[in-house]
Amino acid sequence: MNHELVIVLDFGGHYNQLIARRVRECGVYCEVLPFRTPLETIVAKKPIGIILTGGPNSVYENGSPAYDKALFDSHIPILGICYGCQLLAHLTGGTVTAADTSEFGKTEVTLGDSPLFEGLEKQEICWMSHTDYIKEVPEGFQITAHTEHCPVAALENRERRLYGVQFHPEVMHTENGTKMIDHFLSRVCRASRDWQMAQFAQESIAMLKEKIGSRKVLCALSGGVDSSVAAVMIHKAVGNQLTCIFVDHGLLRKNEGDEVERIFTQQFDVNLVRVNAKDRFLDKLKGVTDPETKRKIIGEEFIRVFEEEAKKIGKVDFLVQGTIYPDVIESGSGDAAVIKSHHNVGGLPDYVDFEEIIEPLRNLFKDEVRKLGLELGIPQNLVWRQPFPGPGLAVRIIGDITEKKLTLLQDADAIFREEIANAGLEREISQYFAVLTDMKSVGVMGDGRTYDYTLALRGVTTSDFMTADWARIPYDVLDKVSTRIINEVGQINRIVYDITSKPPATIEWE
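Residues numbered from 1 in each chain as written. Predicted model: local features only at pLDDT ≥ 70, side-chain atom pairs only at ≥ 80, totals over all residues. Heavy atoms only, no water.

Trainee: What am I meant to see in the overall build of the protein chain here?
Mentor: Scanning the protein chain from N- to C-terminus turns up 14 helices and 18 strands. The C-alpha atoms of the protein chain give a radius of gyration of 26 Å, which matches the 24 Å a tight globule of 510 residues would have. Dimensions of the protein chain along its principal axes, counting C-alpha atoms only, are 75 × 65 × 40 Å. The buried share among the 510 residues of the protein chain stands at 56%. Only carbon and sulfur atoms are counted for the fraction: they give 47% of the accessible area of the protein chain, which is about 22,400 Å². In the protein chain, the 56 positive side-chain charges and the 74 negative ones have mean positions that sit 4 Å from each other. (Helix = DSSP H or I, 4+ residues; strand = E, 2+ residues; numbered from the N terminus. Rg over C-alpha atoms; globule rule 2.2 N^0.38 Å. Buried < 20%, exposed > 50% of the residue type's maximum accessible area, 1.4 Å probe, protein only. Areas by Shrake-Rupley, 256 points an atom, 1.4 Å probe, with all protein chains shown as cover. Lys, Arg positive; Asp, Glu negative; His and termini not counted. Charge placed at Lys NZ, Arg CZ, Asp CG, Glu CD.)

Written out as structure tokens, the structure is:
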């Protein structure tokens, strides 16, 4: 598939993936590459633009990430962000030094005349995060934005198509940041915007059909978004040559196993082997309280069950993996060779005799996987399924796991999710779920004393899941959830709501 390409050159910034997502949201395909990528490699890819990311270093210090100065004479449009902006200035003859006053957080920026800022207000709120600043701009550059403490909040050389912004347009706190990125793509790079999920689906299915031919494919189906979308795409390409093994460890949300089976066997007519292994997993987890031990037990047992079932199928030629682009970036910043080993396939056993791993989603971000799922006809309730840990509810039950506790949590969590949906908040809250704590407390039900479990509710909003803020769920919704759980579930007499952000907390409790 040949698409217009923008390269995001990563200098160690926290927001490298977020920059790439913003570019793709604008309809332009992009890749994240490490700053060590040789210039000849970049030029050979024929990008229509390059974005230099932020980073934690100072450009004037020895050992800080840098790049070949020839990049700026390559005639490729370049946008530097934060550290990338300072590096652009530093390598083209400007001066960067420590600022007298650092800027962090939301900052009012005065915008000037620039293709990046066309149609925007003269005063915009942008997200700053820097301790250095550009003291002198390079020859041929103009200052196009400033703040009270930062004289060069943006600069450009239009003739050379070199642009830089000291702030972060990719984060949601920069109110019109996506428009600025879009302007760079459209007005500077002259992008035609040929990155669309409908086209990607058609092209990918055709390529998979040609690659697989008449051979057999095996997929470990978890029921999660990634594996589900990958499985449906393969099925649309080769039909009943695909067999999915769905290991149901019994630790899914209420009725989830049945829903996955119904969708794949009835709607898509996939060859599905469902292994109901709840008793087997609960027996292995009996008495275990440490979360890491739970994870190891579940991972090991999943492998054993998958191994037993795969042997019954016989030799397969290809194994499907639901790798997505953040996995690729985090395992080697775009180095595809890192992923292409079956020892890295989520703990799948080595014995499986296959020719190659197929990763149909390896170039997509999570939001793109969801869009693709809708294009493929997967129901919205599965496509927009809440993020779910691999060990399932085992790490949302604090302490030891019993079938009784599992049922309590499944019922309570189902009520929470139902009421969030009833309130129309399911797309506004990035992740929400219930946690059954191991704490009991005294309560009163009718005229009697109770001594039952405390249930915690958790909801967060986030754009990248690296950081998150606790969701401000309306009190009336929380009240309804609490009342229903107390009245309908039983053995839970206290509901608490987690109002801790990440950091210092994590999103999951264990």
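Trainee: Even after reading the chapter, I still don't get the side chain of glutamine 166, so can you show me in this structure?
Mentor: In this fold, glutamine 166 is placed in the loop between strand 9 (162-165) and helix 4 (177-188). Take glutamine 166: its relative accessible area is 0%, and that puts it in the buried class. Separated by 3.1 Å, the side chains of glutamine 166 and glutamine 86 make a polar contact. Once residues within four sequence positions are removed from consideration, glutamine 166 is found in contact with Cys82, Cys85, Gln86, Met128, His130, Asp132, Cys150, Val152 and Ala153. (Polar contact = N/O pair within 3.5 Å; in protein donor to acceptor, adjacent residues only side chain to side chain. Contact = heavy atoms within 4.5 Å.)

Trainee: Teacher, can you tell me more about the confidence of the model for the protein chain here?
Mentor: The predicted structure's coordinates, where accompanied by low pLDDT, should not be read in detail. Of all residues in the protein chain, 94% have pLDDT values of 70 or greater, and the mean over the chain is 89. Of the regions scoring below 50 in pLDDT, residues 333-348 engages in 37 contacts with residues more than four places distant in sequence or in other chains. (pLDDT = per-residue confidence, 0-100.)

Trainee: Is there a simple way to explain the packing of aromatic side chains in this structure?
Mentor: Each pair of aromatic rings is reported with the distance of its centres and the angle of its planes. Taken as a whole, this structure holds nine aromatic pairs when the rule is applied. Aromatic side chains phenylalanine 302 and phenylalanine 306 sit 6.3 Å apart centroid to centroid with 20 degrees between the ring planes, which places their arrangement in the stacked category. Residue phenylalanine 302 and its partner phenylalanine 306 are both found in helix 9 (residues 291-313); the two are separated by four residues, about one turn of the helix. Residue phenylalanine 302 shares its accessibility class with phenylalanine 306, and that shared class is buried. Taking the centre distance of 6.3 Å and the plane angle of 70 degrees together, the rings of tryptophan 470 and tyrosine 497 count as edge-to-face. Note that tryptophan 470 is positioned in strand 17 (residues 469-470) and tyrosine 497 in strand 18 (residues 492-497), a separation of 27 residues in sequence. (Phe/Tyr/Trp six-rings, centres within 6.5 Å; stacked < 30°, edge-to-face > 60°.)

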